[in-house]
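Each chain, letter by letter, is given below.
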Amino acid sequence: MIYRAMTGDDYEAAYRLWENTDGMGLSEADSRENIIRYLERNPGISQVCVKEDGTLMGTAMCGHDGRRGYMYHVAVDSSSRGSGTGRELVRRCLAGLREAGITKCHLMAIEDNALGRSFWTRIGWQERDGLVLFSK
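Residues numbered from 1 in each chain as written. Predicted model: local features only at pLDDT ≥ 70, side-chain atom pairs only at ≥ 80, totals over all residues. Heavy atoms only, no water.

A. Structural context of the overall build of the protein chain. The number of helices and strands found in the protein chain is 4 helices and 5 strands. Order of helices (α) and strands (β) in the protein chain, N terminus to C terminus: β-α-α-β-β-β-α-β-α. A compact globule built from 136 residues should have a C-alpha radius of gyration of about 14 Å, and the protein chain, at 14 Å, falls within 12% of that. For the C-alpha atoms alone, the extent of the protein chain along its principal axes is close to 45 × 30 × 30 Å. The buried share of the protein chain, taken over its 136 residues, is 37%. (Helix = DSSP H or I, 4+ residues; strand = E, 2+ residues; numbered from the N terminus. Rg over C-alpha atoms; globule rule 2.2 N^0.38 Å. Buried < 20%, exposed > 50% of the residue type's maximum accessible area, 1.4 Å probe, protein only.)

Structure representation (structure tokens):
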């Protein structure tokens, strides 16, 4: 497997992976234009994993606001789950945040996404109580 920074050229394959990942929530914020803008605003931090033939097997979008990091769309193709791919994508994103001087990262998981929540707990992330998410 090859791990590298995500680019706009990865968008179509990444979107197909996200569409086929149970528990993944997609919206207009995930348009090609918006994803490319996010990648440009946070250069080199978001990561992908590809096979030698270039087939995309995993994604982890990550960036920061200058104070806190945020992770989105961590997804691994079902044929590669359990191989450490997701863990490595997350590790690489967190390393990118540290290089940018960011030491804390948040993520949001859909409440009924048992697989995703189990992954985050298994790799040492803590589910927070006492917060309410507002969106507009």
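Here the narrative resumes.
B. Region of the structure containing the side chain of Thr85. On the secondary structure map, Thr85 appears in helix α3 (residues 85–99). If we skip the residues at most four places from it in the chain, Thr85 touches Met1, Tyr3, Cys49, Val76 and Ser80. (Contact = heavy atoms within 4.5 Å.)

C. Focus on α3. Over its 15 residues, α3 extends 21 Å from the first C-alpha to the last, a length consistent with the 21 Å expected when each residue adds 1.5 Å. All buried positions along α3 are accounted for by Thr85, Gly86, Leu89, Val90, Cys93, Ala95, Gly96 and Leu97. Where α3 is buried, its residues meet β1 (2–5), β2 (47–50), β3 (56–64), β4 (69–76), β5 (105–107) and α4 (114–122). Just downstream of α3 lies Gly101, where phi reads positive at about 85°. (Expected span 1.5 Å × (residues − 1).)

Any link to function would need more than the numbers given here.
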